[in-house]
Amino acid sequence: MPSFARTALAAALLASSSLALAAPPAGFDRRVETLRKEIGVPGMAIAIVEDGKVTLAKGYGVKKLGAPDPVDADTIFPNGSTGKAFTVAALGILVDQGKIGWDDKVIEHMPWFAMYDPWVTREMTIRDLLVHRSGLGLGEGDLLMVPRTNLTRKESVRRLRYLKPATSFRSAYAYDNVLYMAAGQLIEEVSGQTWEAFVRDHVLRPAGMSHSTSDSESRFATVDRAWPHARLNGPFRGLGDQVVLNERDELGRNAAPAGGLAVSANDMARWMEIQLAHGKLPEGGRLFSDAVSAEMWKPVVLMPNPPLPGPLAPATPMFNTYALGWDVQDYKGAKIVSHTGAVFGFQAAVVLIPEKNVGFTILINSEDGEIIRGLMNELLDHYLERPTQDWPAAWRAFKKDRQAQAVAALKATTAAPAKIGPSLPLARYAGDYVDPWYGPISIRDEGGKLRIDFKQTPRMTGTLEHWQYDSFQTVWDDKAIEPAYVTFALDADGKIERVTMKAVSPLVDFSWDYQDLLFTPTSAKQE
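My aim in this report is to walk through the structure given alongside it, one point at a time. (Residues numbered from 1 in each chain as written. Predicted model: local features only at pLDDT ≥ 70, side-chain atom pairs only at ≥ 80, totals over all residues. Heavy atoms only, no water.)

### Comments concerning the overall build of the protein
Argument step 1. Looking only at helices and strands, the protein features 15 helices and 20 strands.
Argument step 2. Whereas a compact globule of 527 residues would reach a radius of gyration of roughly 24 Å, the protein reaches 24 Å, a difference of no more than 12%.
Argument step 3. For the protein, the spread of C-alpha atoms along the principal axes amounts to about 95 × 50 × 50 Å.
Argument step 4. Here the protein holds 527 residues, and the buried ones make up 54% of them.
Argument step 5. Sequence separation of at least 24 residues holds for 62% of the intrachain contacts in the protein that already meet a minimum separation of 6.
Argument step 6. When the accessible area of the protein is evaluated, it comes to approximately 21800 Å², of which 55% is carbon and sulfur surface.
Argument step 7. Side-chain charges in the protein split into 57 positive and 63 negative, and the spacing between the mean points of these groups amounts to 1 Å. (Helix = DSSP H or I, 4+ residues; strand = E, 2+ residues; numbered from the N terminus. Rg over C-alpha atoms; globule rule 2.2 N^0.38 Å. Buried < 20%, exposed > 50% of the residue type's maximum accessible area, 1.4 Å probe, protein only. Contact = heavy atoms within 4.5 Å. Areas by Shrake-Rupley, 256 points an atom, 1.4 Å probe, with all protein chains shown as cover. Lys, Arg positive; Asp, Glu negative; His and termini not counted. Charge placed at Lys NZ, Arg CZ, Asp CG, Glu CD.)

Now the structure itself:
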């Protein structure tokens, strides 16, 4: 066998091989731009860091369709749930300061906090807030902030006590956003600063992320910002023509700790350098300690791990876990620390390969996530020196197949509604209704049409068109809001007893959790 001692020639050959890999794939810029145009993504930004150095930070395309301004490396993009790791970092700084511990009970710092079950209220820890094992259902409670809200963060957290669990505490994984909202409120209760101010002053600025923002005012004051885009005129959201969305119709700021940052490629390069250095700042000093870094990446909850189909099968991980604000899994045998994110009109991903000291970020100003998934796999194959394939083509085919199946299912459902009902004159459905955790809605008979108004969601208003039986379908005034079925249940006397909802689209984002609502009349008296 060869000796472990390396000759000068062998060392030189190894060094040259390492240098050849310490760069993005050959032709990567051209590859990105070709895919961007083929898929129809208006603009995107990518950052890559290797061994503590930025090897790529660049923008592609435009900030806004119909405008010539190009995306550059300082253009800020809302980055969705990739921001959860920043909330974890903020908590980690408080841990380093000795003000909290990961396994402190939440009620030690927020005595008014409560979940549906008193035992869970007493036992819920700060760690539990971050790892999606609370017992809540997938996305449960997200209508507290989706598509927008007039609720404060503290009031929203107070309402968590009315969310009924879907499973027992710590027994299963189900992704949520509302408990990161609670984590953000806890930061304020402990530090005396809002989440926005604490993250700005203790995370973004010390990290050297000078362009990134944690509040809406700063984001909209930034000239170099991307605009949101989506496809809305097809059978359901995600199909049709790309259009510019109203950038100020953003998710409720109450939930900003779950994904309310806006970041640039250059700033995300700084973030990845710090993460890969376990909290060390590039210029010296620390953002957070080694101990906090270790907790961030430590797997806590097993996540579902279904096999990916067909050509995507080689990307199926052998293990899939959630840590503190990070997914920790393997890719072809290598440990990967990552997270994706999505808010209206934007998607993002951050991927770290600790054993290679490599990280990359992809930010887009549309909802065409297949380009992110495809480039993620290509970059992973490149840096791990694994066999590769046309991953973007495979992800595009997978998405098109899912969409085609969903269109067929939607057509089958809507083709022949029962020509029965409604049971009552339209005026009898009108009234004021309330759900324990969401709050009030009103339904009014206006000129022979039923109009619905979600009172705590600005501009979530629309017309109810009869569907079948005592079910109606929403036609929202804002076409970006997901349509829903609204079903009235009558008691034995023919009075409205309750109102339930469910999304129309088979591919609706889980944050439209209509199915978790249960409205009842605010008054027992009905005409």
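### Regarding the side chain of Ser338
Argument step 1. Mapped onto the fold, Ser338 is located in strand β10 (residues 334-343).
Argument step 2. The buried category is assigned to Ser338, whose relative accessible area is 7%.
Argument step 3. Apart from residues lying up to four places away in sequence, Ser338 is in contact with Trp326, Asp327, Val350 and Val351.

### Some thoughts on the environment of Asp96
Argument step 1. Residue placement: Asp96 occurs in helix α3 (residues 84-96).
Argument step 2. As for Asp96 and Lys84, which are separated by 12 residues in sequence, their C-alpha atoms are 18 Å apart.
Argument step 3. Look past the residues within four positions of Asp96 in its chain and what remains in contact with it is Phe288, Ser289 and Val292.
Argument step 4. Within the local environment of Asp96, its side chain forms a polar contact with the side chain of Ser289, the two groups lying 2.7 Å apart. (Polar contact = N/O pair within 3.5 Å; in protein donor to acceptor, adjacent residues only side chain to side chain.)

### With respect to the sheet that holds strand β20 (residues 520-521)
Argument step 1. If you trace the 8 strands from one edge of the open sheet to the other, you get β19-β18-β17-β16-β15-β14-β13-β20, paired in antiparallel fashion. Here the strands that pair on one side only, and so sit at the sheet edges, are β19 (496-503) and β20.
Argument step 2. Here 6 bridges tie strand β16 (residues 461-468) to strand β17 (residues 471-476), and the two strands are oriented antiparallel to one another. From the neighbouring strand, Gln468 faces β17, where its bridge partner is Ser471. (Pairing = 2+ DSSP bridges.)

### Description of the packing of aromatic side chains
Argument step 1. All told, the structure shown has 18 aromatic pairs when counted by the stated rule.
Argument step 2. Note on Tyr173 and Tyr322: the rings are 6.2 Å apart at their centroids and 40° apart in plane angle, and the pair reads as tilted. With Tyr173 in the loop between α7 (153-158) and α8 (178-191) and Tyr322 in strand β8 (residues 320-322), this residue pair connects regions lying 149 residues apart in the sequence.
Argument step 3. Take Tyr322: its relative accessible area is 0%, and that puts it in the buried class.
Argument step 4. One aromatic cluster in this structure is built from Tyr173, Tyr175, Tyr322 and Phe510.
Argument step 5. The cationic tip of Arg373 hangs over the ring face of Trp395; the distance from NZ or CZ to the ring centre is 5.9 Å. (Phe/Tyr/Trp six-rings, centres within 6.5 Å; stacked < 30°, edge-to-face > 60°. Lys NZ or Arg CZ within 6 Å of the ring centre and 35° of its normal.)

### With respect to the pattern of salt bridges
Argument step 1. Within the structure shown, the criterion is met by 34 salt bridges.
Argument step 2. As a salt-bridge pair, Asp381 and Lys332 come within 2.8 Å of each other at their nearest N and O atoms. Taken together, the positions of Asp381 in helix α14 (residues 370-384) and Lys332 in the loop between β9 (327-331) and β10 put the pair 49 residues apart, joining distant regions of the chain.
Argument step 3. Relative accessible area serves as the criterion here: at 1%, Asp381 is assigned to the buried category. (Salt bridge = Lys/Arg side-chain N within 4 Å of Asp/Glu carboxyl O.)

### Here we look at the pairing of strand β13 (residues 431-435)
Argument step 1. Side-chain alternation along β13 places Gly431, Tyr433 and Asp435 on a buried face and Asp432 and Val434 on a face that remains uncovered.
Argument step 2. In the sheet, β13 pairs with strand β14 (residues 439-446) via 5 bridges, with the strands oriented antiparallel. Counted as the bridge partner of Asp435 is Gly439 from β14.
Argument step 3. Examined bridge by bridge, β13 and β20 share 2 bridges and lie antiparallel to one another. By the bridge assignment for β20, Val434 is matched with Thr520.

### What about the packing of α3 against helix α9 (residues 195-204)?
Argument step 1. Two elements in contact, α3 and α9, have axes separated by 10 Å at closest approach and are oriented at 75°. Considering the angle they form, α3 stands roughly perpendicular to α9. Here α3 contributes Phe86, Thr87, Ala90, Ile93 and Leu94 to the contact with α9, which in turn contributes Trp195, Phe198, Val199, His202, Val203 and Leu204.
Argument step 2. Across the contact of α3 with α9, the residue classes tally to 9 nonpolar, 2 polar and no charged. (Axes fitted to C-alpha atoms, helices over the stretch in contact; angles between N-to-C directions. Parallel < 35°, antiparallel > 145°, perpendicular 65-115°, else oblique. Nonpolar A, V, L, I, M, F, W, Y, C, P; charged D, E, K, R; others polar.)

### Remarks on the side chain of Ser505
Argument step 1. Relative to the elements of secondary structure, Ser505 occurs in the loop between β19 and β20.
Argument step 2. A distance of 3.1 Å separates a polar atom in the side chain of Ser505 from the backbone nitrogen of Leu507.
Argument step 3. Within the structure, Ser505 has its side chain in polar contact with the backbone nitrogen of Val508 (distance 3.4 Å).
Argument step 4. Residues within four places of Ser505 in sequence aside, it is in contact with Phe236 and Glu482.

### Looking at the packing of helix α2 (residues 28-39) against α14
Argument step 1. Packing of α2 against α14 leaves a shortest axis separation of 11 Å and a crossing angle of 160°. The orientation of α2 relative to α14 falls into the category roughly antiparallel. By crossing handedness, the relation of α2 to α14 is classed as right-handed. Where α2 abuts α14, its residues Phe28, Arg31, Val32, Leu35, Arg36 and Ile39 lie against Glu370, Ile371, Leu375, Glu378 and Leu379. (Left-handed = near helix turned anticlockwise from the far one by under 90°.)

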